[in-house]
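# Examining the three-dimensional arrangement
Listed below, chain by chain, are the residues.
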Amino acid sequence: MAGATQHDTLWQRITIAVPYLWLLVFFLLPFAIILKISLADPIIAQPPFTPSFDQHGDLAITADNFLFLLTDKLYAVTYLKSVLLAAAATILSLALGFPIAYGIARSSPATRSLLLLLIILPFWISFLLRVYAWMGLLNNHGVINNSLLWLGLIDQPIQMMYTDFAVFIGLTYSYLPFLVLPVYATLERMDEDLVEAALDLGASRTRAFWDITWPLARPGVIAGCLLVFIPAMGEYVIPYLLGGPDALLIGRVLFDEFYVNRDWPLASAVAVMLLLLLVVPIVFLQRSQTRETGAA
Amino acid sequence: MTDTANPLIRIAGLSKSFGDFVAVDDIHLDIGRSELFSILGGSGCGKSTLLRMLAGFETPSAGKVEIDGIDVTHLPPYERPVNMMFQSYAVFPHMNVEKNIAYGLRKDRVGKHEIARRVDDMLELVQLGDFRQRKTDQLSGGQLQRVALARALIKRPKVLLLDEPLAALDKKLRERTQFELMNIQDELGITFVVVTHDQEEAMTLSSRIAVMNEGRFLQVGEPKEIYEYPCNRFVANFIGTINTFEGTVASVDPDGISIQCEELGSTLRAVGDYAVAVGQAVGVAVRPEKIFISRSEPEDLYDARLRGIVDDQGYLGNLSLYRVRLESGKMIQVSSQNRRRSSKRFVEWDDEIWISWQPLSAVVLVD
Amino acid sequence: MQKRSLFILSTLAFGYAFLYIPLISVVIYSFNDSNLATIWGGFSTRWYGELFRNDQILDAMFLSLRIAATAATLATVLGTMAGLLLARFGNFRGRTVFSGMITSPLVMPEVITGLSLLLLFVSLKQYFGWPDQRGFGTITIAHTTFAMAYVAVIVRSRLAAMDESLEEAAMDLGGRPFRVVFDITLPLIAPAMIAGWLLAFTLSLDDLVIASFVSGPGASTLPMYIFSKVKLGVTPDINALASIFILIVSTGLLIAWATLRKSRIR
């Protein structure tokens, strides 16, 4: 619509201005505020933080919150643990999700659409309720323990609820579809003849997989892994419901810092740190996605 | 043919660049009333950009466009007396045939009865009377093309722009549609500007052709003129097949010129008025069908006469094609009509033969 | 393929079991008569009855549905505008910033979005006296903001796949850009807009974290209510609620799938 660029500018301006302003006010401005508050000191007042400028109009900001986060061992452990758990969940999702995506992509069209539907279906059911479902499974008196006891494999229940293991399973379960879908998309687009050509040229099935399928599926794998890792890092509900009191992941620490300790500046600093930690994977993801759409 | 004092379209110094890339480079052109004008060129030559500037989808970087004496350079597409038939046809998929055709009149707030009447006329013109209620996904490619044509013609534009009008059709349909387009143009007297990469299409359809390359017009003229008298190597090679020999001008006289041709080791004659100087490097071009093959030495002394061996030959039904290796080693193409019905070949592979052509058939290419 | 397919088949089976066993077990236990959710006490439908007598759940559900419908509608309008902007307006000024802003909510952790919006609302109240209280309005704004990103992505990819000469043809025939959007563009991207609305609706209905941040006292959405209950452990009426969710979503999707399939075969 190059012609439209010169004409009917009022209509065009409205289309630009409305969503633009909305995002400026409700997306960018909030971040500015978070950043501002993360540089303030907590006080007992309403709102509970010091203003950025003192009564003389001088800049009054402090990096104390960030210094605290960087030096306090508890927070270092929290960040590390969040990264490790999110990474573990990503790896398990890939180990499980890739064969599923491969299986779907190589099945007949009719089965394929049903299998895909079954991958998407849980996504439309409340996230909270899906996590909740695992509470009933992992409980000391839950389905898994009861079945194992009944089978006589164990004498007393295994403690699974309120452990890191439960968080790990919960994360994998919740975000698995996000990995399957992009991987499926790349595999489905791939020409099956390529693998047959490799076989025809003397490659074994395994060789053909690693030489042809895997490299071609890599964009989908990268996107899928990031789509699991990024939200898993900031997850709040899963560690809260399935994890023990020591399952302190960043998301939960942020929430507690804000609501339990009412330390707004520190909570904001935690958010800023989390964002910094995620900037690299997020930019990576957006790059790979623009490349995808650009190529298509 | 062109009414030069009063052209319908006047393009003056028109240019368009995208960043550093110059898509259309300083085009000047007049197109007369009721012309069927083709812009011919390969992909990326700038022909589509030029057409889009006429339609109003691109704003020129420089220059201006006048239609019927009115400067339209900065008019938006919806205010130009011009309509376009798109390469993809762009038939609206959520409207039936009738609604598609009526769209332009509805936007102009034409009365209901008037719209109905003119839609009927258009449906008749493109022979789609039985399809008026059809959804577009129930139409064939040829029918879609006619819907697009009717839709563009219903507003009685002064100019109809056609972007590769036949490219999406198969070969048989293309030939038929070509003549239908010409008949409709003739009947309505609307100026057509066609963009195409297909030289055959341009040759049959057009009253005039512009050959375009790298954003510039290389030659503008009637199909015959472009074919018989290409003005440079690009045009000569782009339209049809041609044999070219490199040489230098040996002498210039009132009848024509003589060219000393090193690669043949002989002198060639070309008849015509060429602005060349003795010693200038030029090319001599001869179309394959202008060359005669004979078993014995041709008699006419003015003709170019060369000896060669038949390297390859192909039978095409109406024509036979020969590749002849000249004594100098150069390969040339010759074609001849198969006038007589015979199962015997006129010449065989590796036969020694003579080829010849008249000086009138040779074209001198300066650049 | 043949050798591999056993491995593939077993991971497929395992994967789908992993996805569905938790859901199936919730449905089974929702018919458990026992008060202790984990011990089987015979078949009963009493928890479903209790669910519909529980005013708190019904209130929360009603609030959630109102928020979801409003936010999805707003998000569809704004997201469609944003999608048009990105796909059709070429290089307008501030494009890079805009496309960054529109896609970021897709990957932003909920805790950050929630916290930042809460701090915004608090500051706005401090300086402008608005929003007076947090609840329906603030949650709707928050949900609109992140859901419009999803709508924009869907609409944009639909527009990218659409032949731009359709819109050019309409303009060529005398349609002004504003009219062309309503005559041609919107009817053709309507399926994408509907899909975007449904997705936005579901996302809004599903959200706990952002709503918890930007909500105020007294305004409790359904997920917030469920969370406050399940924090303390498994409860039988939530099993029933989850089963109803599962039933609605599965039938809805299966019907959509069946009709889609039928239309494709035709």
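Residues numbered from 1 in each chain as written. Chains lettered and ligands numbered in written order. Predicted model: local features only at pLDDT ≥ 70, side-chain atom pairs only at ≥ 80, totals over all residues. Heavy atoms only, no water.

## Description of the overall build of chain B
Our working definition: Comment: elements are numbered from the N terminus, with helices defined as DSSP H or I runs of at least four residues and strands as E runs of at least two. Partly exposed residues are those whose accessible area sits between 20% and 50% of the maximum for their type, while under 20% is buried and over 50% is exposed, using a 1.4 Å probe and protein chains only. Residues count as neighbours in contact if any of their non-hydrogen atoms are within 4.5 Å of one another. For the accessible areas, the method is Shrake-Rupley and the probe is 1.4 Å, while residue cover comes only from the protein chains on display. Only four residue types enter the tally: Lys and Arg on the positive side, Asp and Glu on the negative side; His and the chain ends are excluded. A charge is said to be at NZ when it belongs to Lys, at CZ for Arg, at CG for Asp and at CD for Glu.
Tallying secondary structure elements over chain B gives 8 helices and 20 strands in all. Burial analysis of chain B (367 residues in total) assigns 50% to the buried set. A fraction of 66% describes how many contacts in chain B between residues 6 or more apart in sequence connect residues 24 or more apart. In the structure as shown, chain B presents an accessible area of about 17,800 Å², 47% of it carried by carbon and sulfur atoms. Side chains of chain B give 44 positive and 52 negative charges; the mean places of these two sets differ by 8 Å.

## Thoughts on the interface of chain C and chain B
Selection criterion: Buried area is calculated as the accessible area (1.4 Å probe) missing from two parts once they are joined, with the contributions of both summed. Every case where a carboxyl oxygen of Asp or Glu lies within 4 Å of a side-chain nitrogen of Lys or Arg is listed as a salt bridge. In protein, a polar contact means a hydrogen-donor-capable atom and an acceptor-capable atom, both N or O and within 3.5 Å, with residues adjacent in sequence counting only if both atoms are side-chain atoms; elsewhere, any N or O pair within 3.5 Å suffices. By the convention adopted, Pro, Cys, Tyr, Trp, Phe, Met, Ile, Leu, Val and Ala count as nonpolar, Lys, Arg, Asp and Glu as charged, and the other residues, Gly among them, as polar.
The interface is formed by 19 residues belonging to chain C together with 23 residues belonging to chain B. Across the interface of chain C and chain B, roughly 1,800 Å² is buried in total on both sides, 60% from carbon and sulfur atoms. Here Glu168(C) ties to Arg52(B) by a salt bridge, and the two come within 2.6 Å at their closest N and O atoms. Taken together, the links from chain C to chain B amount to 11 residue pairs in polar contact (both at pLDDT 80 or more). Secondary structure elements with two or more residues in the side of chain C that touches chain B: helix H7 (165–172) and helix H8 (177–206) of chain C. Residues belonging to the side of chain C that touches chain B are distributed by class as follows: 10 nonpolar, 3 polar and 6 charged.

## Considerations on a nonpolar patch on the surface
Quick reminder of the rule: Patch membership requires over 30% relative accessible area and the absence of a salt bridge. Like charges are linked within 9 Å, and nonpolar side chains (Val, Leu, Ile, Met, Phe, Trp, Tyr) within 5 Å.
On the surface, Leu21(A), Leu24(A), Val25(A), Leu28(A), Leu29(A) and Val97(C) cluster together into a nonpolar patch covering about 450 Å² of accessible area. Take the nonpolar patch: its biggest share by element is 5 residues, from helix H1 (residues 9–38) of chain A.

## So, the environment of Leu51(C)
Residues and elements named next belong to chain C. Among the secondary structure elements, Leu 51 is positioned in helix H2 (residues 46–53). Take Leu 51: its relative accessible area is 3%, and that puts it in the buried class. Between the alpha carbons of Leu 51 and Leu 241 there is a distance of 7.2 Å; along the sequence they are 190 residues apart. Setting aside chain neighbours within four positions, we find Leu 51 in contact with Ile 57, Asp 237, Ala 240, Leu 241 and Ile 244.

## What about helix H3 (residues 73–105) of chain A?
All names here are of chain A. Convention followed: Here a helix's expected span is defined as the number of its residues, less one, multiplied by 1.5 Å. In this scheme, the bend at a residue equals the angle between the axes fitted to the seven residues that finish there and the seven that begin there.
Across its 33 residues, H3 extends 46 Å between first and last C-alpha, which sits within 8% of the 48 Å expected from 1.5 Å per residue. Of all the bends in H3, the largest measures some 30° and sits at Gly 97, one to four residues before the proline Pro 99. N-capping of H3 is provided by Asp 72, with a side-chain oxygen placed 2.8 Å from the backbone N of Leu 74.

## Observations regarding the interface of chain A and chain C
Each partner contributes to the interface: chain A provides 88 residues, whereas chain C provides 87 residues. Joining chain A to chain C, the criterion identifies 0 salt bridges. Counting the contacts that link chain A with chain C gives 12 residue pairs in polar contact (both at pLDDT 80 or more). Counting residues per element, the side of chain A that touches chain C draws most heavily on H1(A), which supplies 21 residues. Partitioned by chemical class, the residues of the side of chain A that touches chain C number 69 nonpolar, 15 polar and 4 charged.

## A look at the side chain of Asn32(C)
All names here are of chain C. Take Asn 32: it is sitting in the loop between helix H1 (2–30) and H2. For Asn 32, a relative accessible area of 1% puts it in the buried group. At a separation of 3.0 Å, a polar atom in the side chain of Asn 32 contacts the main-chain amide nitrogen of Ser 34.

## Details of the sheet that holds strand E4 (residues 62–67) of chain B
In any sheet, the strands associate via hydrogen bonds between backbone groups, in a parallel or an antiparallel arrangement. Residues and elements named next belong to chain B. Using the following cut-off: Pairing between strands is defined by DSSP: at least two bridges between the two strands are required. Only C-alpha atoms enter the line fits that serve as axes; for helices the fit covers just the stretch in contact. Angles between N-to-C directions range over 0 to 180 degrees.
One open sheet accounts for 4 strands, arranged E2-E1-E4-E5; its pairing is antiparallel. At either end of the open sheet lies a strand with only one pairing partner, and these are strand E2 (21–31) and strand E5 (70–71). Lying over the sheet, helix H1 (residues 47–55) contacts strand E1 (9–18), E2 and E4, oriented at roughly 120° with respect to E1.

## A short note on the domain arrangement of chain B
Residues and elements named next belong to chain B. For the record, the criterion: The domain limits used here are those given by an automatic or database domain assignment.
By the assigned domains, chain B splits into domain 1 (9–237) and domain 2 (242–365). Each of domain 1 and domain 2 was reduced to a C-alpha centroid, and the two centroids are 39 Å apart. With 9 residues of domain 1 in contact, the opposing surface of domain 2 contributes 9 residues. Taken together, both faces of the contact between domain 1 and domain 2 bury some 810 Å²; the carbon and sulfur share is 45%. Area buried by domain 1 at its contact with domain 2 is led by Tyr 227, Arg 233 and Ala 236, which between them contribute 59% of it. Where domain 1 touches domain 2, the interface holds 2 salt bridges.

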